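# Commentary on secondary and tertiary structure
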Protein chains: 2
Amino acid sequence: MTGDDLRDQVRDAARRSRRAAAGPAQATRADKDALLHAMADELVSRSAEVLAANERDVAAAREAGTPEALVDRLRLDADRIAGMAGGLRTVAGLPDPVGEVVRGDVLANGLQLQQVRVPLGVVGIVYEGRPNVTADAAGLAVKAGNAVLLRGSSSAERSNTALVAVLSEVAVAHGFAADTIQLLPCHDRATVQHLITARGLVDIVIPRGGAGLISAVVEQATVPTIETGVGNCHVYVDASADVDTALRILLNSKTRRPSVCNSAETVLVHRDIAAEFLPRALAELASAGVTVHGDESVQAVGGSNVVPAVDEDWDAEYLSLDIAARVVESLPAAIEHIREHGSGHTEAIVTTDVRSSRRFAAQVDAAAVAVNASTAFTDGAEFGMGAEIGISTQKLHARGPMGLPELTSTKWLTFGDGHVRPGS
Amino acid sequence: MTGDDLRDQVRDAARRSRRAAAGPAQATRADKDALLHAMADELVSRSAEVLAANERDVAAAREAGTPEALVDRLRLDADRIAGMAGGLRTVAGLPDPVGEVVRGDVLANGLQLQQVRVPLGVVGIVYEGRPNVTADAAGLAVKAGNAVLLRGSSSAERSNTALVAVLSEVAVAHGFAADTIQLLPCHDRATVQHLITARGLVDIVIPRGGAGLISAVVEQATVPTIETGVGNCHVYVDASADVDTALRILLNSKTRRPSVCNSAETVLVHRDIAAEFLPRALAELASAGVTVHGDESVQAVGGSNVVPAVDEDWDAEYLSLDIAARVVESLPAAIEHIREHGSGHTEAIVTTDVRSSRRFAAQVDAAAVAVNASTAFTDGAEFGMGAEIGISTQKLHARGPMGLPELTSTKWLTFGDGHVRPGS
C-alpha cells in the first residue's frame, strides 16, 4: 500500500466514524448501558475465538523473541476476558455524563443559560501492548456518546481484530453503526501520523504509551491530543513523618507494580529524619530487590543495593526495581526538586505536620498529590471511574485519570423569548 | 536582532514568567482582588500617559493608510479606559476559581479524594488590534492565579507598552513580581512562533485573531493552544417561527455589530414559512444596508440588495453587512447545512415548536446554541464572566466564551492515613 493509500484509508475510516458518531451521541443512557452489558456478555460467550486469535499473537511474539514480561502483557485468558467484561459492566453502571448541566443561570434580562455536557464526537486512541485497552476504551468512548478509532500495537493485531469484531457486531445488533467502533491498520507507523493530522475529522487523539510515542504525537499533531502517562513520581518523607507509615508507603509506591506510570521513581528524605529512616528503608528496599541510586548521604548509609546516583537518575522513569534517593535540606527543597524533575503525574508526602501537608499539597504542581497515601492510587478504577482511558499529565482539558467526563465536551444553550442584545 | 536572539528573549521571558507565577498562584483572593482594583484605579489616574502613547499609535496607523474602521479599534479615549477599569473591577467581584472543589468523595477504603481547581501557570495570549484586550487578559489571567505573556499587534505597541507599564508597576507595589504581566516584542512575527513552541515553559497559548493566525498557531504549536473566534453563525427560521420574533433576532444577529465573531453570516429559512418571512426579511435587511447572497428561492423573491449566492458564500465569515440566505426543506436539512458549513461558534433557531427546539439544541454541534435568542449573546461579559479571554470554537478544555475557570486546571488530592494499595 502506498503512503497516500494509507492516508486515504485512515481519513475514510474517520469520515465513517463521524457519521457513526450520531448513534451514540443521541442514544439514551438505557440504550448505551444495554449495549455495554451485551458487549460484556458477548465477549465472555465468544471468548474461544478471541483466545484463539490471541494465541496466534502470543506465538508470533515468542517466535520474534519478545521478552516474557511483554508477552505476558499481550496474553489473554478467561480471567482477563472476565476482567474486560467486568470493566464494561462497571462503566455501564456509572452515571451518563452526556446531558449533565455543568452550570446554569438566568441572566438579568431573563435569558436562560445552561452549559451542558455533550460527546466529543470521534475519539482516536493509540496504544501499545495490552489488548484489554480495546474493550476499556471502546466502552468508555461509547458510553460518553462517541465513536472510537482504535490503533493498537501490531503485536496484538489478531487479538484486537477479534475483539473489535465482537464489539462491533454487538453494536450493530443494538442498532448502532458498525463503524461506531473501528480498528485502524496496526502495522504501519504512518497510521498514527495520518490519524493525528486528520483535523476536522477526528476530535481528539489520546496516545497511551511510551515517551517516544507521546512526544511524536505532540510534535506532529494538528488534532487536539492529550498527553498521558509519563510518571517520574516522588515520595517525600518529611521531618515529621511516622517512619513505619513512610516505609509502608514507599515500598508500596515502588514495588506494587514497578512497570506502571504511578510507581515511585525517587524518594526524597528530610535530613532531620534521614538517620532514622534511611537504614530501615534501604534494608527493606534491598529485601524487595530494589536497587537504590543514592546521593552522597544515601551512599554514606550504604548497603549492598546502593549505587551512586548520576544526574540522569533524578529524571529517570525506571519502570523497574530501581529508585533514586536523595536527602533534602527542607520541605521547600523537596518541592523545588519535584518542580525541577517531576513529570507532573503523582507526588506523595508522608508527614504528621498539618502545615507541611498543606504546603506540599498547595505548592506541588502535579496531576495528583498524595498525603500519607501511596502513589499507586492514581488510577481511574481506584478513583471510581470504572476503566480508565489513560492518565493525563497535561493541564488542559483533563488532568490525572481520564474517565467518562473527560471524554466529553460542553455546549452552551441559551433559551429566550425573542431576546436581542442592545447596543453596538 | 537575529532569530536566535529573539528566541532566547522569548524563552527567557517565559522562564521569568514561570518564576513570577508562584505569586498569583499562592495569593489569596483578597490579595488578587486588591491588585485588580488598584490596577483599575491606576489605569484611570494615569490615563494621560496611556492616551499619549495611544495617540502616537493612532497617528502612525493613519500615516500608514490604515482603514478608519481599524484605526477606531486601535483608538483609546477616557471612556474606553473607564471600560477597561470597569472590566477589572467586575473580574475582581467574581468568585475565585482557584481552590474550588470540583469533585470530592471518600473511597471505600477511607481514602479522601478531592479534585480542586488550580492555576494553569504561564498563559500566553496573542491578539490583534484592540489594546483593551491587554487589561482584560491581564486581569483574568492574574485573578485565575497565572502569570501572563502578552503579544499584541505591532500597531498597538506603544499603547500596550504604556498599559503594561502601569499594570506591572501596580503588581510590584502589591508585592507581586514585575514579570507577572509581561509584554513580548510585537514587531517580529517570529515572536509568536517562539512562544507557541516554548514547550515546558508556557502552559497554554490562546490566539485571538483572524483565521490565518489561528491556523498558523494550530499547525506549529507544541504548547497546548485554544482555537478561538472564527464564527460562521446561522439563524434558522423554523416553519413554526413567529415572524416578528424571527425578524428581530435575524436583524440583531446580523447588524448589531457585523465585525464580531458572534454575528450571523447565514440565514436558513424553512420552505413552509419562506413566502411569508422572506419578503419582509429582505426588505428589513435592505433598510439596514445588508447585501443578501441568496439561493434561487431567495433570488426569486428578489430585491435591490439580493445577489446570487455562490458555493463559497455558505462558508464565508463576512464580518460585514453581508449575509447568505437559503431556503431549506426541513429542520433536518437545516441541521445538515450547519453540520457541513458551521464553524462551531453559535447557531440560532427561531421556533414556536418545542420539538423543533429540542431537536435543534440536541443535534447542532456548536459552542453555543440559541433558542429564540440572538447569536449576539455569545460573549463572556453577557454570560456573566466579566471580561472574556476569547471564545473557544474547539471542544477540548474550553468551549464558548472563556472566563476565569477556563484559565485554570485541576489537581487531584488524596488524603490517607498511611493508605497503601493492595494487589499487584
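For chain A, an unreviewed UniProt entry supplies the name Gamma-glutamyl phosphate reductase and the organism Saccharopolyspora montiporae.

The next thing to look at is the interface of chain B and chain A. Facing 71 residues of chain B, the contacting portion of chain A comprises 70 residues. Approximately 5,900 Å² of surface area, both sides summed, lies buried where chain B meets chain A, with 51% of it carried by carbon and sulfur atoms. The largest contributions to the chain B side of the interface with chain A come from Leu396, Trp412 and Arg421 of chain B, which together make up 14% of the buried area. Inspection of the region where chain B meets chain A yields ten salt bridges. Ionic pairing is found between Arg421 of chain B and Glu382 of chain A, a salt bridge with its closest N-O pair at 3.1 Å. Across the contact surface, chain B and chain A share 53 residue pairs in polar contact (both at pLDDT 80 or more). When residues of the side of chain B that touches chain A are traced back to their parent elements, those giving at least two are strand S2 (112-119), helix H10 (211-220), helix H11 (243-255), helix H15 (354-363), strand S13 (368-373), strand S15 (400-401) and strand S16 (408-419) of chain B.

Residue and element names in this part refer to chain A. Take Asp33: it is sitting in helix H3 (residues 29-45). Under the relative-accessibility criterion, Asp33 is labelled buried at 11%. In terms of polar contacts, Asp33 uses its side chain to reach the side chain of Arg29, at 2.7 Å. The residues touching Asp33, leaving out its near neighbours within four places in the chain, are Ala92 and Lys143.

Residues annotated in UniProt with the feature "domain: Aldehyde dehydrogenase" (unreviewed entry) correspond here to residues 8-297 of chain A. Counted over residues 8-297 of chain A, helix gives 53% and strand 16%. Its end C-alpha atoms are 59 Å apart.

Copy one and copy two of the chain differ by a rotation about a common axis and a shift along it. Superposition record for chain B on chain A: RMSD 0.1 Å, screw rotation 180 degrees, translation along axis 0.0 Å. Viewed as a symmetry operation, the transformation between the two copies matches a two-fold axis. If distances are taken from each C-alpha of chain B to the rotation axis, the shortest is found for His397 of chain B, at 1.8 Å. A share of 99% of the interface residues of chain B reappears at the interface of chain A, consistent with the copies meeting face to face through the same patch.

This part is about the sheet that holds strand S12 (residues 346-350) of chain B. Strand order in the open sheet formed by ten strands is S1(A)-S2(A)-S16(A)-S13(B)-S12(B)-S7(B)-S8(B)-S11(B)-S9(B)-S10(B), and the pairing between neighbours is mixed. The open sheet has two free edges, formed respectively by strand S1 (101-106) of chain A together with strand S10 (306-308) of chain B, since each of these has just one partner strand. Strand-to-strand twist across the sheet, computed as the mean angle between neighbouring axes with direction ignored, equals 25 degrees. Of the pairings in the sheet, the one linking S12 of chain B to S13 of chain B comprises four bridges and is parallel in character. The residue of S13 of chain B that forms the bridge with Ala348 of chain B is Ala370 of chain B. Against the sheet, H15 of chain B makes contact with strand S16 (408-419) of chain A together with strand S7 (233-237), S12 and S13 of chain B, and its axis sits at roughly 170 degrees relative to S12 of chain B, the strand it touches most.

Attention shifts here to the environment of Ile206 of chain A. All names here are of chain A. By the element assignment, Ile206 lies in strand S6 (residues 204-207). Once the C-alpha coordinates of Ile206 and Ile226 are considered, the two residues, 20 residues apart in sequence, prove to be 5.2 Å apart. If we ignore the near neighbours within four places in the chain, the residues touching Ile206 are Val123, Gly124, Ile125, Val126, Ile226, Thr228, Ile389, Met402 and Leu407.

Another aspect to go through is a negative patch on the surface. Residues and elements named next belong to chain A. Together, Asp311, Glu312, Asp315 and Glu340 line one region of the surface with negative charge. In this fold, Asp315 is placed in the loop between strand S10 (306-308) and strand S11 (322-328). With relative accessibility at 47%, the residue Asp315 sits in the partly exposed group.

So, on to the domain arrangement of chain A. Here the domain parsing of chain A yields domain 1 (3-226 + 402-414) and domain 2 (233-377). Relative to domain 2 of chain A, the C-alpha centre of domain 1 of chain A lies at a distance of 35 Å.

For the rest of this paragraph, the subject is the pattern of salt bridges. Applying the stated criterion across every chain, the model contains 54 salt bridges over all chains. Note that Lys395 of chain A and Asp365 of chain A form a salt bridge whose closest N and O atoms lie 2.8 Å from each other. With Lys395 of chain A in the loop between strand S14 (391-392) and strand S15 (400-401) and Asp365 of chain A in the loop between helix H15 (354-363) and strand S13 (368-373), this pair connects stretches of sequence that are 30 residues apart. For Asp365 of chain A, a relative accessible area of 39% translates into the label partly exposed. For the salt bridge of Asp179 of chain B with Arg16 of chain B, the shortest nitrogen-to-oxygen distance reads 2.9 Å. Here the residue Asp179 of chain B occupies a position in the loop between helix H8 (157-173) and strand S5 (181-183), and Arg16 of chain B occupies one in helix H1 (residues 3-20), the gap between them amounting to 163 residues. Relative accessible area serves as the criterion here: at 21%, Asp179 of chain B is assigned to the partly exposed category.

Attention now goes to the sheet that holds strand S3 (residues 122-126) of chain B. Residue and element names in this part refer to chain B. The four strands lie next to each other as S5-S4-S3-S6, forming an open sheet whose pairing is parallel. Every other strand in the sheet has two partners, leaving S5 and strand S6 (204-207) as the edge strands with one partner each. Averaged over neighbouring strand pairs, the angle between their axes works out to 20 degrees when direction is ignored. As defined by bridge partners, strand S4 (residues 147-151) adjoins S5 across three bridges and the pair is classed as parallel. From the neighbouring strand, Leu150 faces S5, where its bridge partner is Leu183. Helix-sheet contacts for helix H7 (residues 132-143) involve S3, S4 and S5, and the interaxial angle to S4 is about 160 degrees. Most of the contacts of H8 go to S5, to which it runs at about 160 degrees, and overall it touches S4 and S5.

Conventions we followed
- Residues numbered from 1 in each chain as written.
- Chains lettered and ligands numbered in written order.
- Predicted model: local features only at pLDDT ≥ 70, side-chain atom pairs only at ≥ 80, totals over all residues.
- Heavy atoms only, no water.
- Contact = heavy atoms within 4.5 Å.
- Buried area = accessible area lost by both parts, 1.4 Å probe.
- Salt bridge = Lys/Arg side-chain N within 4 Å of Asp/Glu carboxyl O.
- Polar contact = N/O pair within 3.5 Å; in protein donor to acceptor, adjacent residues only side chain to side chain.
- Helix = DSSP H or I, 4+ residues; strand = E, 2+ residues; numbered from the N terminus.
- Buried < 20%, exposed > 50% of the residue type's maximum accessible area, 1.4 Å probe, protein only.
- UniProt positions renumbered as here; feature names shortened; annotations may be inferred.
- Least-squares fit on C-alpha atoms with pLDDT ≥ 70 in both.
- Pairing = 2+ DSSP bridges.
- Axes fitted to C-alpha atoms, helices over the stretch in contact; angles between N-to-C directions.
- Patch = residues over 30% accessible without salt bridge, like charges linked within 9 Å, V, L, I, M, F, W, Y side chains within 5 Å.
- Areas by Shrake-Rupley, 256 points an atom, 1.4 Å probe, with all protein chains shown as cover.
- Lys, Arg positive; Asp, Glu negative; His and termini not counted.
- Charge placed at Lys NZ, Arg CZ, Asp CG, Glu CD.
- Domains from an automatic or database assignment.

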